[in-house]
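Here's the letter readout for the chains.
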Amino acid sequence: MVDAQERAFFYSPLSFVRDARNVLSQAALDALHDAESFHDREGACEIRIRFRKLDWDSDFFHVPTWRIDFIEWTAGTDADIQQSIAGAVTRLCKTLAERHGRFYCFAEIPSEDVRVLQGLGLAGLRLIETRLTYFRNDVAAFQWEQRAAVRAATEADIPNLREAACVARNDYDRFHADPFFGEQVADEFLAVFAQNSVRGFASIVMVPADDLPPNAFLTADLMPAYTKLLGRGVGRMVLSAVAGPRRGWYLKLIAEMSYWMQAQGVDLCYMTTQSTNRAVVRVWETLGYRFGRSTHILALHG
C-alpha cells in the first residue's frame, strides 16, 4: 500500500509534534491492529479500509455505529484513487446495511488527506464538522495573572452539570450539526458525557469553587500512553460548558486547568473545538495556546 507510514502521522491527535513524526506514525498504525479490514479492487487500484464498531455509541444511539479509521491504496492517479475509494466505501456501506439494516458510519479525516476526503465525498458521506486542535508544549512555563477559585466536581454536582451541558450546547458540534441525531438526543449525549466524566471517565472535572451551583465545568484527561511514547507529560482538555450565570468563566477554567496540568507534570496539553467556535479559539490564543491541526468529520447513515 502507498505511503501509509507518511499519511498515518496526520491521523495522530499529536501530529503537530513534528520532531516525533516516526513514533507517532507507528503508534497510529499500531492502533489499527484490532480494526476490521475491508478489501476492494476497482480497476488497477486496490483499496483497504480499516474500520471498527463503536459499542458504547451503538448502545447509546440504538443504531450500529461504525467508524472508518484509515484507508490505504495501491498506486494510481489521483482521479483513480478517489474513484476507487468512493467505490470501496460504497460497497462497505452496502455490506453494513446487509449486516444490520440500519447503521451509522463516520470518519475523522485530517485536512492533509485530500484524496480520502474527496473519495468519501464521492461516496456520499456528508461533511458534519470541521475541528481545530490547539496546544501548548510549554505548560511548565504557563502563567496567568488572574487566578480563580476552582474545585473538582462531585457526585452532588451532576444534575447541575448535566443541565449546563444542555443549556450551553454548540449547534456546530458533531452531534448537534448532524440531523441524524436530533437536538434532544444530542443534548442527552453531552449530559451523559458530563455525568460519566464526574464518575471517573475523566481524570478531573473542574468547576467554580463558591457557594453557588457550578453552572460551568471543564473536563480533562491525562494521557499516559502518549506520555510514555514521547517521554514527556501529555494531557488533554475535553468537554466544557458555561451556562449564563457563569459568563466569563471559560477563560478562568482553561487557565486553572492549565495550572492543574502543570501540577501533574504535564508539559504538552491540547484541546479541540469546531472551526466555527471563534470565542473559544480567542480564549486559547489569549492564554498562549496555538494552532496544531485540523480534521473533518464526515458521516453517512443507512
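Residues numbered from 1 in each chain as written. Predicted model: local features only at pLDDT ≥ 70, side-chain atom pairs only at ≥ 80, totals over all residues. Heavy atoms only, no water.

Student: What's the story with the pairing of strand E3 (residues 65-73) in this structure? I'm lost.
Tutor: On a regular strand, each side chain points to the face opposite its neighbour's, so the side chains alternate between the two faces of the sheet. Burial runs high along E3: eight of the nine residues are buried. Note that strand E2 (residues 45-53) and E3 share seven bridges and pair antiparallel. Each bridged residue has a counterpart across the sheet, and for Arg52 the counterpart in E3 is Arg67. In this sheet, strand E4 (residues 104-110) lies alongside E3 in parallel orientation, the contact comprising four bridges. Note on E4: the bridge partner recorded for Thr65 is Tyr104. (Buried < 20%, exposed > 50% of the residue type's maximum accessible area, 1.4 Å probe, protein only. Helix = DSSP H or I, 4+ residues; strand = E, 2+ residues; numbered from the N terminus. Pairing = 2+ DSSP bridges.)

Student: Looking at this model, I keep getting lost on the environment of Leu125. Mind explaining?
Tutor: With respect to the helices, strands and loops of the structure, Leu125 is situated in the loop between helix H5 (114-122) and strand E5 (126-136). Judged by its relative accessible area of 5%, Leu125 is buried. Ignoring anything within four residues of it in the chain, the contact list for Leu125 reads Val89, Leu120, Leu298, Ala299 and Leu300. (Contact = heavy atoms within 4.5 Å.)

Student: I'm lost on helix H10 (residues 249-263) in this one. Help?
Tutor: Helical periodicity: at 3.6 residues per turn, an α-helix aligns residues three or four positions apart in one direction. Between the first and last C-alpha of H10 there are 21 Å, a value that for 15 residues agrees with the 21 Å anticipated at 1.5 Å per step. Counting buried positions over the 15 residues of H10 gives eleven, a clear majority of the element. Turning to H10, its buried residues number three or more, namely Trp249, Tyr250, Leu253, Ile254, Ala255, Glu256, Met257, Ser258, Tyr259, Trp260 and Met261. Elements in contact with the buried residues of H10: strand E6 (150-152), strand E7 (204-208), strand E8 (216-222), strand E9 (233-242), strand E10 (266-274) and helix H11 (278-286). (Expected span 1.5 Å × (residues − 1).)

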